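Chain and residue survey
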Amino acid sequence: MFSYRHAFHAGNHADVLKHLTLLAALQHLQHKEGGLLLVDTHAGAGQYRLDHDAARISGEAAWGIAALAAAPAPPPPLARAYLDAVAAFNPDGVLRHYPGSPALLATRLRPQDRLALFEWHPTDGRLLDRAVRAWLQREPRPAITLRRDDGFAGLRALLPPPTRRALVLIDPSYELKRDYATVVACVGEALHRFAQGCYLVWYPLVGREQAHALPKRLRALAVHHGRAWLQAELNVGTPADAAAKAAAARGRAIGTLRASGVFVINPPYTLAEQLRETLPWVLGALRRGPAAAWKVDAGEARP
């Protein structure tokens, strides 16, 4: 269960979709002065070197954040904010560092906010601990906590937050098939404990029945609790050239995952329109071949 390392996938198209959505939700929620509880249940190493072996072996960032940064067309506002957030980790203008979700959240903490990070992987947990220490040295933020534990179980103890405001990111590797059912159970319990929280679930679109059933099950949970929901998916298509297909078959290229989605319960009311404005531009930069597409669906809260 510890074979997955996000360093091989940092900055790929799935990260682009996930982090665009995360930043948009955070920006909206921070318009209010009330303190936010921010939770990342599967935090990974926190930030990643794109010029080190893992990222260079996979080459996925080249067809993700690097392609986005090189896009000739002017980006819409949300994409611009995302590119600026990544650029802040690369002050010399060379794309070497990619901020994972913990880094993006940590750099946007206000004094009244709290950030809770979970990472169970022994290697990534050590790297994340080092990253958190570095963030705290540069700008002390006592409201960051790291637990080397199971984020699914750890979330339970944090809800409901004292401020009654929370943004929770749930993005396991889905390395184990049972992760899909665990995500549904985790979100269901979270809604029972704190129905007003904003819950953002990332998921891969792969050839598993559980993967295609997951957003349907999350939608059913949202409807059952009378909560608004949003589902966004990005499919960059199948690489068209033979070399890319061969690399994908060896698990060395973006072809191993060409589509992913995010499901948000209690999304900001501005999020659907932001993504509908942004994803066509993103797909124009990241399109890899046939079947490339994007979609955004949303449902309103019901009494």
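None of the values given here were measured: they were computed from a predicted structure.

Some details on unusual backbone geometry
- Here the amide bond leading from Leu159 into Pro160 is cis, since omega sits at -5 degrees, within 30 degrees of zero.
- Considering the arrangement of structural elements, one finds Pro160 in the loop between helix H7 (151-156) and strand S6 (166-170).
- Although it is not a glycine, Asn266 sits at a positive phi angle of roughly 65 degrees.
- With respect to the helices, strands and loops of the structure, Asn266 is situated in the loop between strand S9 (259-265) and helix H11 (271-286).
- For Asn266, a relative accessible area of 14% puts it in the buried group.
- The backbone of Ala291 shows a phi angle near 80 degrees, a positive value even though the residue is not glycine.

Section: helix H6 (residues 122-138)
- Taking 1.5 Å as the rise per residue, H6 with 17 residues should run 24 Å; its terminal C-alpha atoms sit 25 Å apart, in good agreement.
- Residues of H6 that are buried include every one of Asp124, Gly125, Leu128, Ala131, Val132 and Trp135, and no others. Seen from one end, H6 has its buried residues packed into an arc of 125 degrees, which puts them on one side. Facing away from the buried surface of H6 by more than 90 degrees, the exposed residues are Arg130, Arg133 and Gln137.

Quick word on helix H4 (residues 77-87)
- Residues Leu78, Ala79, Tyr82, Leu83, Ala85 and Val86 constitute the buried set of H4. End-on view of H4: buried residues confined to an arc of 155 degrees, all on one side of the axis.
- Packed against the buried residues of H4 are helix H1 (13-29), helix H3 (65-69), strand S3 (97-99), helix H5 (101-106) and H11.

A word on the pattern of salt bridges
- Enumeration over the complete set of coordinates arrives at 10 salt bridges.
- Across the pair Asp84 and Arg80 runs a salt bridge, and its minimum N-O distance is 3.2 Å. In this pair, Asp84 and Arg80 both sit in helix H4, four residues apart, roughly one turn of the helix.
- Between Arg193 and Glu189 there is a salt bridge whose closest N-O contact spans 3.3 Å. Linking Arg193 with Glu189, this pair stays in helix H8 (residues 178-193), spanning four residues, or about one helical turn.
- Owing to a relative accessible area of 28%, Glu189 belongs among the partly exposed residues under this scheme.
- In the salt-bridge network here, residues are joined through shared partners; they are Asp15, Lys18 and Asp171.

So, the sheet that holds strand S1 (residues 37-40)
- Within the open sheet, the eight strands sit side by side as S5-S4-S1-S6-S7-S9-S8-S10. Their pairing is mixed. Looking along the sheet, the strands with just one partner apiece sit at the ends: strand S5 (144-147) and strand S10 (293-299). On average, adjacent strands in this sheet sit at an angle of 10 degrees to one another, irrespective of strand direction.
- Of the pairings in the sheet, the one linking strand S7 (residues 198-204) to S9 comprises six bridges and is antiparallel in character. Note on S9: the bridge partner recorded for Pro204 is Ser260.
- Of the strands in this sheet, strand S4 (114-118) and S5 touch H6, which is tilted by about 165 degrees from S5.

Description of the pairing of S1
- A two-sided burial pattern is seen for S1, the buried positions comprising Leu37 and Val39 on one face and Leu38 and Asp40 on the other.
- Bridge count between S1 and S4: four bridges; the pairing is parallel. Its bridge partner being in S4, Val39 is matched across the sheet by Ala116.
- The sheet contact formed by S1 and S6 spans four bridges and is parallel. If you follow Asp40 over to S6, its bridge partner there is Leu169.

So, the environment of Ile170
- Its place among the elements puts Ile170 in strand S6.
- Placed 123 residues apart in sequence, Ile170 and Ala293 show a C-alpha to C-alpha distance of 24 Å.

With respect to the packing of aromatic side chains
- Under the definition given, this model contains three aromatic pairs.
- When the centroid spacing of 6.0 Å and the interplanar angle of 50 degrees are considered together, the rings of Tyr174 and Trp202 count as tilted. With a gap of 28 residues between them, Tyr174 in the loop between S6 and H8 and Trp202 in strand S7 connect regions that are remote in the sequence.
- Given a relative accessible area of 3%, Tyr174 falls into the buried group.
- Of the aromatic side chains, those joined through ring pairs into one cluster are Tyr174, Tyr180 and Trp202.
- The ring of Trp202 has Lys18 lying over it, and the distance from NZ or CZ to the ring centre is 5.8 Å.
- A cation sits over an aromatic face here: Arg288 above Trp63, 3.9 Å from the ring centre.

The rules behind each value
- Residues numbered from 1 in each chain as written.
- Predicted model: local features only at pLDDT ≥ 70, side-chain atom pairs only at ≥ 80, totals over all residues.
- Heavy atoms only, no water.
- Helix = DSSP H or I, 4+ residues; strand = E, 2+ residues; numbered from the N terminus.
- Buried < 20%, exposed > 50% of the residue type's maximum accessible area, 1.4 Å probe, protein only.
- Expected span 1.5 Å × (residues − 1).
- Arc of directions from axis to C-beta.
- Contact = heavy atoms within 4.5 Å.
- Salt bridge = Lys/Arg side-chain N within 4 Å of Asp/Glu carboxyl O.
- Pairing = 2+ DSSP bridges.
- Axes fitted to C-alpha atoms, helices over the stretch in contact; angles between N-to-C directions.
- Phe/Tyr/Trp six-rings, centres within 6.5 Å; stacked < 30°, edge-to-face > 60°.
- Lys NZ or Arg CZ within 6 Å of the ring centre and 35° of its normal.

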